[in-house]
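Observations on the model geometry
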Amino acid sequence: MLTFAFISLGAPLMLLGIAAIALPIAAHLMSRRTRQHIIFPTIRLLMESRATQSNLYRVRRWILLLLRCLALIMIAMAFAMPSCTPQRTIEPDSQSKTGGAAVIFLIDTSASMQRDPKSTGGTSLLHSMQAIAQRSLASLEPGLDRVNIVFAQAKPFALFQSPAGKPILSTNHAAIEQSLGSIELTAERADLRGALAMAGQLLSEAQNVSQRRLVILSDMQQSNWKEVEHAADGTSILPKGTVVTLLPLKIEDATNVALSESRSEPAMVIVNQQALLITKVTNHSSSGRDVAIAAQLDGQPIGVRTIALAARESREVSFETTMTTQGRHRVEFSLTDDALALDNKHYLSVEAMQRMQVVVAGDDDPAALGSASYFIARALSPRGDASDLIEVRHLLSLDLAQADLSRAQALVISDVAELSPAASDAVASYLHQGGGVLLFTGIASAPALFTSLQDASDRFVKSQDAAANPAGATLPIMPWKPTQLRDFSSSPQPMRITSGTWNSPVLTEFDESARQTLSQIRFHLAWAVEQSNPLASELLRYNDNTPALSLMNIGTGRLIVANFSPSLQASDLGKYGSFVALSHSIMRHLRPRLDWRSMATVSQPVFASVPIPVGEQPGAIVIEGPGGSTMTPQLSRSDSRMSVMLPRTKASGFYRVLRNDQTVGEVAVNIDTRESDLRTLDASAMTTLFKNDNITIDVQSAQAASDGLDLRGQPLWHWFIIAAMGFIAVELALLTVWNR
């Protein structure tokens, strides 16, 4: 690029075309004839009268030559791509004499950018973005303007970085142009706040610059950019004086239906028992649609459901099935193609087990007749062999801290005097991650136990939500506060359960006869309570209106607290068949609603826990991703288990954990559900989004955006074309007049 005063030339070599004026000049000279002057006295006076006309003819020819040369010069100047450049003003503290600009291209590579070209005027957003960015880059001056690209994806990164990995600006425009030609869109959700922060840091650190400019190339997806608007820091992360140029890509109203939140009920299926495979269907379109959803189990079709969805409506669709083999099974839901193909498939990995696994933690002897653990084990597993539906594993309370609860479908805590902080943390983690816990208070020191579990829950919430919950707010997880253990063993009026929420899913199997039987059972020990939690559901009550059984929903997990114990010392409950029915009903309700271990979102890490006997070598452990590609995970071993982690996933599909070529785990990875809403921000919303006293907003129209950014000034080539046409028009007009 060549600059003269306020005029910049994008293609200065085109000025060589000015040499074409030699053609009309040569034609003009060649048209002149050499004449021999012979004077005839008889016509001398006549020749003198024509002299003035001959001189006028020569002037006309020079005028026409001038017009033709000017027309050729104007055409050559137009091809040189001239633009009017305002004078670069250098910052007061700058010692630079150049006044180059600092320009950051923020390029959105999130999943929504992969929308169907039919909704973008027939050209993919990627190609449109590349073309606009390359034209914008061409308007900058190599060697003067410093540039970088920040790619907005789950983990934003800059093209140019120092050897230490720090983003830096560069005048290497050729590398930028090459990178623009090789952009790859991702299936991730962009961290736009992080990308803006990185761009703001680059612009803040730029010194000796005449201008700081941030150029944003994005589909301006509403659901993603609204997060920037709602952020506390907003756009204040950009330095003062920054010019933000928004180049919105041309997008029409898209018709998109998406699948999300797939699950099975129960989350861990029992072999040969009926299960429901469920997925959520959302119509993100502005009009109603009939949608056909197909489901496959291990590659075999199991059904198709067709539903009518109104605009913006969501609905769950379920498929009944039975899994006949133990192990992991792959479920795939699918739709017909629409505006975004990435969300037309949703993956689910379901584990089928021969028996339901329940962990019972108690400090009493499960073999001692009359103990709480004895009655619990007999109620859950009456025959005590593989024919029972439930497999019971007994642990001491101290062992909870080291126990692997990932495969347990329920945890029962009974007659535990206290839990160590590590054991309480293990229980709280299991509960908050979707597990179900049944807590018998009985003769235990309930106040200390409740406090220990509440403190562990608070620690878990603070550690998981530190960014979203900086104030450290917590939520009570216990249904009530126990105050005093009351003994009714010698009372003439024993405690009995006389009322209940019988329409609760936990108690629906209790008919009138079962309720009558339950009301005849004597309870010797029960806690007086206070400060009932308004979020608790009271399932059973004693005859003095004290809660006997309460339910708390903790996220996707469930906590049921029993104000009694099945031990003979505390009640007669363990001797009755009602306890067996109640225990099995509670276990069915406590089964996890979501198998959080087997699902993840694109860009999130994949975790697995592989059992390895003590003293045995782990062997080769790899992760096989979609398409059969293998990846080496990060490994860490503790006792008899190996923790496996793949830090980042890049595509949706199934990820298998292989140990010595044998499958030991599997995770289904899907795109972020928020990427499916393809609505975009309009120009006014974009302006409001970046409204800030420190920055200037430049929102270009779709037509102007297609020409790209013009940092060098206003283009003048069209004025030179008009001037050339004007000179040619004047020439033609003069010839018409003179030839009359």
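Residues numbered from 1 in each chain as written. Predicted model: local features only at pLDDT ≥ 70, side-chain atom pairs only at ≥ 80, totals over all residues. Heavy atoms only, no water.

**Structural notes on the packing of aromatic side chains**
Think of a pair of aromatic rings as described by two things: how far the centres are apart, and how the planes are tilted against each other in angle. Per the stated rule, a full pass over the model turns up 10 aromatic pairs. Taking 5.4 Å as the distance between ring centres and 55 degrees as the angle between the ring planes, the aromatic pair formed by F523 and F564 counts as tilted. Linking F523 in the loop between helix 10 (512–519) and strand 23 (525–530) with F564 in the loop between strand 26 (557–562) and helix 11 (577–590), this pair joins segments that are 41 residues apart in sequence. F564 matches F523 in its accessibility class, with the two residues each being buried. (Phe/Tyr/Trp six-rings, centres within 6.5 Å; stacked < 30°, edge-to-face > 60°. Helix = DSSP H or I, 4+ residues; strand = E, 2+ residues; numbered from the N terminus. Buried < 20%, exposed > 50% of the residue type's maximum accessible area, 1.4 Å probe, protein only.)

**Some details on the nonpolar core**
With 40 residues, the main nonpolar core has V358, L549, F564, I586 and M587 as its most contacted residues. Mapped by element, the contributors of at least two residues to this core are strand 17 (356–362), helix 7 (372–380), strand 19 (410–414), strand 20 (436–440), strand 24 (537–542), strand 25 (547–554), strand 26 and helix 11. For L549, the residues in contact, after removing those within four places along its chain, are S537, E538, L539, L540, I560, V561, A562, F564, L582 and I586. The next biggest cluster of nonpolar side chains, apart from the first, holds 30 residues, and it includes I216, L246, L689 and I695. (Core = buried A, V, L, I, M, F, W, Y, C linked by side-chain atoms within 4.5 Å. Contact = heavy atoms within 4.5 Å.)

**Structural notes on the pairing of strand 29 (residues 621–624)**
Bridge count for strand 29 against strand 33 (residues 653–659) is four bridges, and the pairing is antiparallel. Its bridge partner being in strand 33, V622 is matched across the sheet by L658. Hairpin connection from strand 29 to strand 30 (residues 630–631): five residues lie between these consecutive antiparallel strands, with G627 at a positive phi of about 85 degrees. (Pairing = 2+ DSSP bridges.)

**A word on the sheet that holds strand 15 (residues 327–334)**
Taken in spatial order, the five strands of this open sheet run 10-16-15-12-13, and their pairing is mixed. Of all the strands in the sheet, just strand 10 (268–270) and strand 13 (300–309) have a single pairing partner and so form its edges. Sheet twist, expressed as the mean angle between neighbouring strand axes with direction ignored, is 30 degrees. Summarising the sheet, strand 12 (residues 289–297) and strand 15 pair through four bridges and their orientation is antiparallel. (Axes fitted to C-alpha atoms, helices over the stretch in contact; angles between N-to-C directions.)

**Considering the pattern of salt bridges**
Following the criterion strictly, the structure yields 24 salt bridges and no others. A salt bridge links R674 to E227; the nearest nitrogen and oxygen atoms lie 2.9 Å apart. Taken together, the residues span a long stretch of sequence, with R674 in the loop between strand 34 (662–670) and helix 12 (683–689) and E227 in helix 6 (residues 222–230) at a distance of 447 residues. The partner of D672 in a salt bridge is R674, and the shortest N-O contact between them spans 2.8 Å. (Salt bridge = Lys/Arg side-chain N within 4 Å of Asp/Glu carboxyl O.)

**Quick notes on the environment of I107**
Among the secondary structure elements, I107 is positioned in strand 4 (residues 101–108). Exposure remark for I107: the relative accessible area of 0% places this residue in the buried category. Separated by 78 residues in sequence, I107 and L185 place their C-alpha atoms 10.0 Å apart. Excluding residues that lie within four positions of it along the chain, I107 makes contacts with M129, I149, V150, F151, A152, L180, I183 and L217.

**Quick word on helix 11**
The periodicity of an α-helix, 3.6 residues per turn, causes residues three or four positions apart to be oriented the same way. The first and last C-alpha atoms of helix 11 sit 20 Å apart over 14 residues, in line with the 20 Å expected at 1.5 Å per residue. Of all 14 residues in helix 11, 10 are buried, a share of seventy percent or more. (Expected span 1.5 Å × (residues − 1).)

**Regarding the sheet that holds strand 9 (residues 257–265)**
Strand pairing in a sheet takes place through backbone hydrogen bonds and is either antiparallel or parallel in direction. If you trace the three strands from one edge of the open sheet to the other, you get 9-11-14, paired in antiparallel fashion. Among the strands making up the open sheet, the edge pair consists of strand 9 and strand 14 (314–322). If you compare each strand with its neighbour and ignore which way they point, the axes differ by 20 degrees on average.

**Focus: unusual backbone geometry**
The linkage connecting E265 with the following residue, P266, adopts the cis geometry, with an omega of 0 degrees. You can see P266 is positioned in the loop between strand 9 and strand 10. Its identity is not glycine, yet N272 carries a phi of approximately 70 degrees, on the positive side. Under the relative-accessibility criterion, N272 is labelled exposed at 55%. Notably, D661 is not glycine yet its phi reads approximately 70 degrees, a positive angle. By the element assignment, D661 lies in the loop between strand 33 and strand 34. Taking the relative accessible area as the measure of exposure, D661 reaches 70% and is therefore exposed.

**As for the packing of helix 8 (residues 421–432) against helix 9 (residues 446–464)**
At a minimum axis separation of 8 Å, helix 8 and helix 9 run at an interaxial angle of 60 degrees. Regarding the angle of helix 8 to helix 9, the classification is oblique. The chirality of how helix 8 crosses helix 9 is right-handed. Residues P421, S424, D425, V427, A428, S429 and H432 of helix 8 touch helix 9, and the partners they reach there are S452, L453, A456, S457, R459, F460 and V461. Its residues assigned to classes, the contact of helix 8 with helix 9 comprises seven nonpolar, five polar and two charged. (Parallel < 35°, antiparallel > 145°, perpendicular 65-115°, else oblique. Left-handed = near helix turned anticlockwise from the far one by under 90°. Nonpolar A, V, L, I, M, F, W, Y, C, P; charged D, E, K, R; others polar.)

**Structural notes on the confidence of the model for the protein**
The predicted model of the protein has a mean per-residue pLDDT of 84, with 87% of residues at 70 or higher. The low-confidence segment residues 88–97, where pLDDT is below 50, has 21 contacts with residues more than four positions distant or belonging to other chains. Segment residues 467–471: pLDDT under 50, and one contact once partners within four positions in sequence are set aside and those in other chains are kept. (pLDDT = per-residue confidence, 0-100.)

**Concerning the side chain of D219**
With respect to the helices and strands, D219 occurs in the loop between strand 7 (211–218) and helix 6. One polar contact links D219 to S112, side chain to side chain, over a distance of 2.7 Å. Reaching out from D219, the side chain makes a polar contact with the side chain of R115 at a distance of 2.9 Å. Among all residues touching D219, those that are not within four sequence positions of it are D108, S112, M113, R115, L125, L249, I251 and T680. (Polar contact = N/O pair within 3.5 Å; in protein donor to acceptor, adjacent residues only side chain to side chain.)

**Thoughts on the environment of L419**
As for its placement among the helices and strands, L419 is situated in the loop between strand 19 and helix 8. Residue L419 is classed as buried on the basis of its relative accessible area of 6%. Measuring from C-alpha to C-alpha, the distance between L419 and F450 comes to 9.6 Å, with 31 residues separating the pair along the chain.

**Observations regarding the pairing of strand 18 (residues 390–395)**
Taken together, the six bridges between strand 17 and strand 18 define a ladder with parallel strand orientation. Bridging across to strand 18, M356 finds its partner in I390. Each parallel crossover has a hand, and the one from strand 17 via helix 7 to strand 18 is right-handed. (Right-handed = clockwise from strand over helix to strand, strands pointing away.)

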